[in-house]
Amino acid sequence: MNTLLRSTVRCLRSGPAILLPRQADGQVWSSSARFFCASADVQKHLGEMVKKDKVVVFMKGTPAQPMCGFSNAVVQILRMHGVDEYAAYNVLEDQDLRQGVKDFSNWPTIPQVYFNGEFVGGCDILLQMHQNGDLVEELKKLGISSALLSAEKESK
């Protein structure tokens, strides 16, 4: 009985509890409602963030000072295509953002790129799209003319 009382007091101190379905072994798991609310709030906020701009990048560092090679590669690819105006969020400044964006996209790595609120992928996918020409087409759908097309026309 003391164990039950201690568990109840611990839950009350940490905020309202949410009971999860009974497990196969008969145990009932509980979790703080604060965690679920915070998690739901982060996911809702991320949904708004990725839709706010045509191009959104979650990266380590900033476009002016990337803090990892993969983030730098994404910045360079976008720069080659003349995409200078995009929302960039530094996940190193906020651990909740860093984990939240991974959960939001169900993608385990950073950087992450979004076009019109849709998850595109990370560095490897953006590089592949750049190499096979798909990136030019996707940018065109966003109303962004790739600088590589302009350079190609000028060289002819």
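Residues numbered from 1 in each chain as written. Predicted model: local features only at pLDDT ≥ 70, side-chain atom pairs only at ≥ 80, totals over all residues. Heavy atoms only, no water.

Per an unreviewed UniProt entry, the recorded name for the protein chain is Glutaredoxin-related protein 5, mitochondrial, and the organism is Xyrichtys novacula.

In terms of regular secondary structure, the protein chain is built from seven helices and six strands. Secondary structure elements of the protein chain occur, N-terminal to C-terminal, as α-β-β-α-β-α-β-α-β-β-α-α-α. Residue pairs in contact within the protein chain that sit at least 24 positions apart in sequence constitute 51% of those at least 6 positions apart. For the protein chain, the exposed area adds up to about 10100 Å²; of that, 54% sits on carbon and sulfur atoms. (Helix = DSSP H or I, 4+ residues; strand = E, 2+ residues; numbered from the N terminus. Contact = heavy atoms within 4.5 Å. Areas by Shrake-Rupley, 256 points an atom, 1.4 Å probe, with all protein chains shown as cover.)

Okay, the side chain of serine 105 next. Mapped onto the secondary structure, serine 105 falls in helix α4 (residues 95–105). Within the local environment of serine 105, its side chain forms a polar contact with the backbone nitrogen of tryptophan 107, the two atoms lying 3.2 Å apart. Ignoring sequence-local partners within four residues, the contact set of serine 105 consists of Gln112, Tyr114 and Phe119. (Polar contact = N/O pair within 3.5 Å; in protein donor to acceptor, adjacent residues only side chain to side chain.)

What follows covers the pattern of salt bridges. Applying the stated criterion across every chain yields a total of two salt bridges. With a shortest N-O distance of 3.0 Å, glutamate 138 and lysine 141 are connected by a salt bridge. With a gap of three residues between them, glutamate 138 and lysine 141 both fall in helix α6 (residues 134–141), about one helical turn apart. Take glutamate 138: its relative accessible area is 27%, and that puts it in the partly exposed class. (Salt bridge = Lys/Arg side-chain N within 4 Å of Asp/Glu carboxyl O. Buried < 20%, exposed > 50% of the residue type's maximum accessible area, 1.4 Å probe, protein only.)

Turning our eyes to something else, we now look at the packing of aromatic side chains. Counted by the stated rule, this structure contains five aromatic pairs. Taken together, a centroid distance of 5.3 Å and an interplanar angle of 25 degrees make the contact between phenylalanine 58 and tyrosine 89 stacked. Placement of the pair is phenylalanine 58 in strand β3 (residues 55–59) and tyrosine 89 in strand β4 (residues 87–90), with a sequence separation of 31 residues. Residue phenylalanine 58 is classed as buried on the basis of its relative accessible area, which comes to 0%. Each ring, one from tyrosine 114 and one from phenylalanine 119, has its centre 5.3 Å from the other, and the planes form 55 degrees; the classification is tilted. (Phe/Tyr/Trp six-rings, centres within 6.5 Å; stacked < 30°, edge-to-face > 60°.)

A few words on the state of the cysteines. Evaluation of the coordinates by the stated rule reveals zero disulfides. There is no disulfide at cysteine 123, and the cysteine sulfur nearest it, in cysteine 68, is 7.9 Å away. (Disulfide = S-S within 2.5 Å.)

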